[in-house]
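What follows is each chain in one-letter form.
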Amino acid sequence: MTENHRLTTGDTAPAFTLPDADGKPVSLADYRGRKVIVYFYPAASTPGCTKQACDFRDSLAELDGAGIDVVGISPDKPAKLAKFRDAEQLTFPLLSDPDRAVLTEWGAFGEKTMYGKTVTGVIRSTFLVDEEGKIALAQYNVRATGHVAKLRRDLSV
């Protein structure tokens, strides 16, 4: 298995500008001066991704109170993201990366093991980017269920 590029604490977060569920561009630079959780997930409206997104939605007040925003990124097209957002009443930006360039740059796309087989796909990953645009926390291969609660414990939120 080839080693995927991984970001670590202290790295500069790779810049991005991607369309949101409404097709409007959202950039990492928009969050400068605030902390932001950037999380990568495989596919909107699947059971694990729905659970994870709803956990973030349900924790937004506490995260916001701690000065932390949330952005989700997947390879889904904006129309699918809009459907997912509306169905689950998600109130944070979901961004579309269909060519997987940002996913790859952040180390969230590549080889992974699934059900004992090596496959290429989205690696469920979560990052905390600090006010200066540096990686404060990098977590790869996170579980959809229970991840947000663990993240909140790790961040004391």
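Criteria and cut-off values
Residues numbered from 1 in each chain as written. Predicted model: local features only at pLDDT ≥ 70, side-chain atom pairs only at ≥ 80, totals over all residues. Heavy atoms only, no water. Core = buried A, V, L, I, M, F, W, Y, C linked by side-chain atoms within 4.5 Å. Buried < 20%, exposed > 50% of the residue type's maximum accessible area, 1.4 Å probe, protein only. Helix = DSSP H or I, 4+ residues; strand = E, 2+ residues; numbered from the N terminus. Contact = heavy atoms within 4.5 Å. Arc of directions from axis to C-beta. Polar contact = N/O pair within 3.5 Å; in protein donor to acceptor, adjacent residues only side chain to side chain. Salt bridge = Lys/Arg side-chain N within 4 Å of Asp/Glu carboxyl O. Disulfide = S-S within 2.5 Å. Pairing = 2+ DSSP bridges. Axes fitted to C-alpha atoms, helices over the stretch in contact; angles between N-to-C directions.

Q: How should I be thinking about the nonpolar core in this particular structure?
A: Ranked by size, the top nonpolar core spans 23 residues in total, and within it F16, V38, F40, I73 and W106 carry the most contacts. The biggest single contributor to this core is strand β3 (residues 35–40), with three residues. Sequence-distant contacts of F40, that is, excluding residues within four places in its chain, are made with I73, V102, L103, W106, A108, V122, I123, R124, S125 and F127.

Q: Just to check I follow, could you spell out helix α4 (residues 147–154) for this structure?
A: An α-helical turn contains 3.6 residues, so a residue and the one three or four places further along point in the same direction. Taken as a whole, α4 has its buried residues at H147, V148 and L151. All buried residues of α4 fall inside an arc of 95° around its axis, so they share one side. Next to the buried residues of α4 lie β3, α1 (47–65), β8 (125–129) and β9 (135–140). Positive backbone phi, at 55°, marks S156, one or two positions downstream of α4.

Q: I would appreciate a short explanation of the side chain of D130 in the present structure.
A: Within the element layout of this structure, D130 appears in the loop between β8 and β9. Within the structure, D130 has its side chain in polar contact with the backbone nitrogen of E132 (distance 2.9 Å).

Q: How do you make sense of the pattern of salt bridges when you look at a structure like this?
A: When their charged atoms lie close together, side chains carrying opposite charge are able to pair. Applying the stated rule across the entire model yields eight salt bridges. In this structure, D22 engages R85 in a salt bridge whose closest nitrogen and oxygen atoms are separated by 3.0 Å. Remark: R85 occurs in helix α2 (residues 78–88) and D22 occurs in the loop between β1 (17–19) and β2 (25–27); sequence separation between them is 63 residues. Under the relative-accessibility criterion, D22 is labelled partly exposed at 46%.

Q: Sorry if this is basic, but what is going on with the state of the cysteines here?
A: Two cysteines form a disulfide when their sulfur atoms are joined by a covalent bond. Throughout the structure, instances matching the rule amount to zero disulfides. Free cysteine: C54, not disulfide-bonded; nearest cysteine sulfur from C49 at 11 Å.

Q: Explanation requested: the sheet that holds strand β5 (residues 94–96) in the structure shown.
A: By definition, the strands of a sheet pair up through backbone hydrogen bonds, in either a parallel or an antiparallel sense. Strand order in the open sheet made by the five strands is β5-β4-β3-β8-β9, with mixed pairing throughout. If you trace the sheet from one side to the other, it starts and ends with β5 and β9, each paired once. The mean angle between the axes of side-by-side strands here comes to 20°, regardless of whether they run parallel or antiparallel. Judged from the five bridges that link them, β3 and β8 form a sheet pairing that is antiparallel. In the sheet register, V36 faces β8, and the bridge partner there is V129.

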